[in-house]
Amino acid sequence: MLDQLLIGFSTALLPHNLLFIFIGVLIGQVVGALPGLGPSAGMALLLPLTFGLEPVTAIMMLAGIMYGAQYGGTLTSVLIKVPGEASGVMTAVDGNAMARNGRAGAALAISAIGSFIAGIGAVTAVALLAPPLASFGLRFNAPEYFLLALLGILAIGSLGGSPIKSLAAALIGLMIALIGVDPLTGTPRLSFNQPILMTGIDFIPVVIGVFGIAEVLASLERIESVKPIKTRLRDMWLTMDDWRKCRFSIIRGGFIGLFVGIMPGAGASIASLLSYLTERKFSKNPEAFGHGAIDGVAAAESANNAASHGAAIPMLSLGIPGSASTAILLAALILHGIRPGPQLMSQESALVWGLIASMFIGNLFLLVLNLPLAPVFAALLRIPYVYLAPAILGISLVGAYAATLDMATVWMSLAFGVLGYAMIKFDVPRPPLVLALVLASLMETSLRQALLLSFGSPMIFVERPISAILLVAVLAAIVLPIIGAVRRRRGAPQPVGLGGDE
Amino acid sequence: MRPAEAVPAVFILLLAAGIYLGTSGLRMWDGITPGARFFPVVLAGTGAVVGLLLLLAQWRGFETVEVEFPSALGAARVAASFAAITALAVGIPLIGFVPMLALFILTMQMVVLRCPPVPSVGSAVIVAGLVHIVFIRWLAVPLPMPYGI
């Protein structure tokens, strides 16, 4: 492993790659700092730009956006109490409280240092865990791939929010992927003899529309001017008392974030919340949580960065994305002609280890950007959003056109922008749609190949040991949320007029 | 349950019906192999079940749907923004990407978002200029340029 990691560093340390790692983390930092634009949208907008790059360079840059956004989101959370990312909610509570008490610098500093330490720990875990998991994954065949893809889609709905709506969103993604040609027979399917649909719906207009355009449209409903709290470089020094309070918070947050991040479906948001709640239990001053607890900030920020790296483990080793951001990374691999899956680590070891090495380097860049340069990035928050929103919308269309050099992609992006906006309005989660779109081809092909191998018998999913275990996990992912919902329902007081009386 | 809350469930039911009907000319099985219609039918069936479950859960109160409708001003702003970006897409092949983008940003900021003229012109020029430099000059992406810019 060590020699492969050294080869990875030799790839990542090439000047060309260093430049794009820096560009990626810088863009991620900016994207994370801007409310209304998440890392998934940032990655989606920049995905078309990567076509001219080498695959390893492209993936390094896109990954930099993914984890850079976790660092950048801290700025808005602390300085204006608006989480830049969903994972920054707890940081917004305690970090902003610290800022109002004159400790904005300390909140930013502990966030950056905690994120760095947890991030380095998580990347080390990626380097240690991904290879054996990939070796195990080489034993997978069509039945296992189908169940793993299905588990990934079900898991993203069962760990947060409404499982039914998440499943509905995933089904929409799977249905979008049906359009075009049948992957096994080449028969046109749902194309209605339209040339524009014959080649299928590309991933890029969907993700640009659903994440980029939709988010900006939703944010334009209500434009508020906010004044960020000022912070100075000298305020960023931490006291010995701060270090004493936070040292174990960072370690605990890192572990929680890593384990949560590995699970498909659970992401940085759940990781930061779990870590915050855990830290409150361990804290000697739990009453301070919610009112400016520095250890709460450290725990939440460490966890969210560790989770964003941990999600790379199932993606690299099994080809199953653990989050919307890793789904976009996976799509980027496919668009660059690289087939993800357990064989990725052996067939594209330079790319995988280069990516892992780039994560070490990227975290170091982000520490430098966030410690002395935090006040510079904080100045970004003074740019009124009304000047940024039209630019983001316009660049979304540029990115859509650049992907295929066809105006049809631009029109598709607009259509999916409407869909994404409607999903926001009706509180239907969007990440399952993107995840399902990426996994659709794998799911269908694996299912049909499995049934071909078994001459049409579904018993193949039970007869193979690994497949049987995955089937149990799939059933658990279906049944457990239902049991949980029924229990919550029984525990809640019954409202008057139950049964649809309006 | 308000009628608006049923929209996601009805949408998925309609999609499921569309998928089922749209693949009616394809084969379910090719001998012992699942055919081109197999997976769409599975998805359509699952979609129908999920749509009905969602409707039932909302009707029985198991699922709460927070339908967030914007205010009248917010809705007008969103509608105007969408109209502007649609006009951008229409105008691109006619005028060119970069000039149309500048016009779009100017319109958005001065008309939709009511920004002062000088910063609006400035940001339109900056963004269009950046797109020209990054996409056309650096990345050599052949954006539509019927008039050379």
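The shown structure was predicted, so the numbers you read here are calculated from the model rather than taken from an experiment.

Cut-offs and rules
Residues numbered from 1 in each chain as written. Chains lettered and ligands numbered in written order. Predicted model: local features only at pLDDT ≥ 70, side-chain atom pairs only at ≥ 80, totals over all residues. Helix = DSSP H or I, 4+ residues; strand = E, 2+ residues; numbered from the N terminus. Rg over C-alpha atoms; globule rule 2.2 N^0.38 Å. Buried ≥ 20, exposed ≤ 12 C-beta atoms within 10 Å, placed from the backbone. Contact = placed C-beta atoms within 7 Å. pLDDT = per-residue confidence, 0-100. Nonpolar A, V, L, I, M, F, W, Y, C, P; charged D, E, K, R; others polar. Axes fitted to C-alpha atoms, helices over the stretch in contact; angles between N-to-C directions. Parallel < 35°, antiparallel > 145°, perpendicular 65-115°, else oblique. Left-handed = near helix turned anticlockwise from the far one by under 90°. Expected span 1.5 Å × (residues − 1). Core = buried A, V, L, I, M, F, W, Y, C linked by C-beta atoms within 7 Å. Domains from an automatic or database assignment.

Caption draft 1: Highlighting the overall build of chain B. Helices and strands together make up the secondary structure of chain B, namely five helices and two strands. Here chain B has a C-alpha radius of gyration of 24 Å; the compact-globule value for 149 residues is 15 Å, and the former is much larger. Looking at the 149 residues of chain B, the share that counts as buried comes to 34%. Taking the intrachain contacts of chain B between residues at least 6 apart in sequence as the baseline, contacts between residues at least 24 apart amount to 55%.

Caption draft 2: Spatial organisation of the overall build of chain A. Helices and strands together make up the secondary structure of chain A, namely 23 helices and two strands. Its C-alpha atoms give chain A a radius of gyration of 22 Å, within 12% of the compact-globule value 23 Å for 502 residues. If you line up chain A on its principal axes, its C-alpha atoms span 70 × 65 × 45 Å. Evaluated residue by residue, chain A yields a buried proportion of 61% over its 502 residues. Across chain A, every contact between residues at least 6 apart in sequence was considered, and the portion connecting residues at least 24 apart equals 80%.

Caption draft 3: Representation of the confidence of the model for chain A. All names here are of chain A. Scored by pLDDT, chain A has a mean of 85; 92% of the residues are at 70 or more. Taking the mean pLDDT of every element in chain A, the minimum, 74, falls on helix α18 (residues 374-378) and the maximum, 94, on helix α20 (residues 407-425). In the predicted structure, residues 494-502 sits below a pLDDT of 50 and forms six contacts with residues beyond four places in sequence or in another chain.

Caption draft 4: The arrangement of the environment of L452 of chain A in detail. Residue position: L452 of chain A is located in helix α21 (residues 431-453). The spacing of L452 of chain A and Y421 of chain A is 31 residues in sequence and 40 Å in space, taken between C-alpha atoms.

Caption draft 5: Examining the interface of chain B and chain A more closely. In this assembly, 61 residues from chain B lie in contact with 55 residues from chain A. Listing elements by their share of the side of chain B that touches chain A, those giving two or more residues are α1 (7-22), β2 (33-34), α2 (38-60), α3 (72-95), α4 (97-112) and α5 (117-138) of chain B. It is α2 of chain B that contributes the most residues to the side of chain B that touches chain A, 12 residues altogether. The residue inventory of the side of chain B that touches chain A, partitioned by class, reads 45 nonpolar, 11 polar and five charged.

Caption draft 6: Broad picture of the packing of helix α2 (residues 15-33) of chain A against helix α17 (residues 349-370) of chain A. All names here are of chain A. Two elements in contact, α2 and α17, have axes separated by 9 Å at closest approach and are oriented at 55°. As judged from the angle between their axes, α2 and α17 are oblique. In the crossing of α2 with α17, the sense of the turn from one axis to the other is right-handed. For the pair formed by α2 and α17, the contact residues are N17, I21, F22, G24, V25, L26 and Q29 on the first element and S358, I361, G362, F365, L366 and L369 on the second. Taken together, the residues that form the contact of α2 with α17 break down as eight nonpolar, five polar and no charged.

Caption draft 7: The packing of helix α4 (residues 55-80) of chain A against helix α15 (residues 324-335) of chain A, seen in detail. All names here are of chain A. Two elements in contact, α4 and α15, have axes whose closest approach is 10 Å; the angle formed by their N-to-C orientations is 170°. In terms of orientation, α4 and α15 fall into the roughly antiparallel class. Residue-level contacts link A58, I59, L62, A63 and M66 of α4 to S325, I328, L329, A332 and L333 of α15. Here the residues of the contact of α4 with α15 sort into nine nonpolar, one polar and no charged.

Caption draft 8: Examining helix α5 (residues 89-100) of chain A more closely. Residues and elements named next belong to chain A. Across its 12 residues, α5 extends 16 Å between first and last C-alpha, which sits within 8% of the 16 Å expected from 1.5 Å per residue. Most of α5 is tucked away, with 10 of its 12 residues classed as buried. Every buried residue of α5 is listed here: M90, T91, A92, V93, D94, G95, N96, A97, M98 and A99. Those residues of α5 hidden inside the fold are in contact with α4, α6 (104-137), α12 (268-282) and α13 (294-310). Positioned one or two residues after α5, G102 has a phi angle of 85°, which is positive.

Caption draft 9: Region of the structure containing the environment of I179 of chain A. Residue and element names in this part refer to chain A. Mapping I179 onto the fold places it in the loop between α8 (163-178) and β1 (180-181). We classify I179 as partly exposed; it has 19 C-beta atoms within 10 Å. Each C-alpha atom, one on I179 and one on L45, is 23 Å from the other, the two residues being 134 residues apart in sequence. Residues within four places of I179 in sequence aside, it is in contact with L190, S191, L197, G200 and I201.

Caption draft 10: Looking closely at the nonpolar core. Core analysis: the largest hydrophobic core is formed by 217 residues, its most contacted members being I59, L62 and I328 of chain A together with L101 of chain B. In terms of residue count, the dominant contributor to this core is α6 of chain A (18 residues). Structurally, this core is a two-domain feature, drawing no fewer than three residues from each of domain 1 (3-60) and domain 2 (72-138) of chain B. Apart from residues lying up to four places away in sequence, I328 of chain A is in contact with S40, M43, A44, L47, L62 and V207 of chain A.

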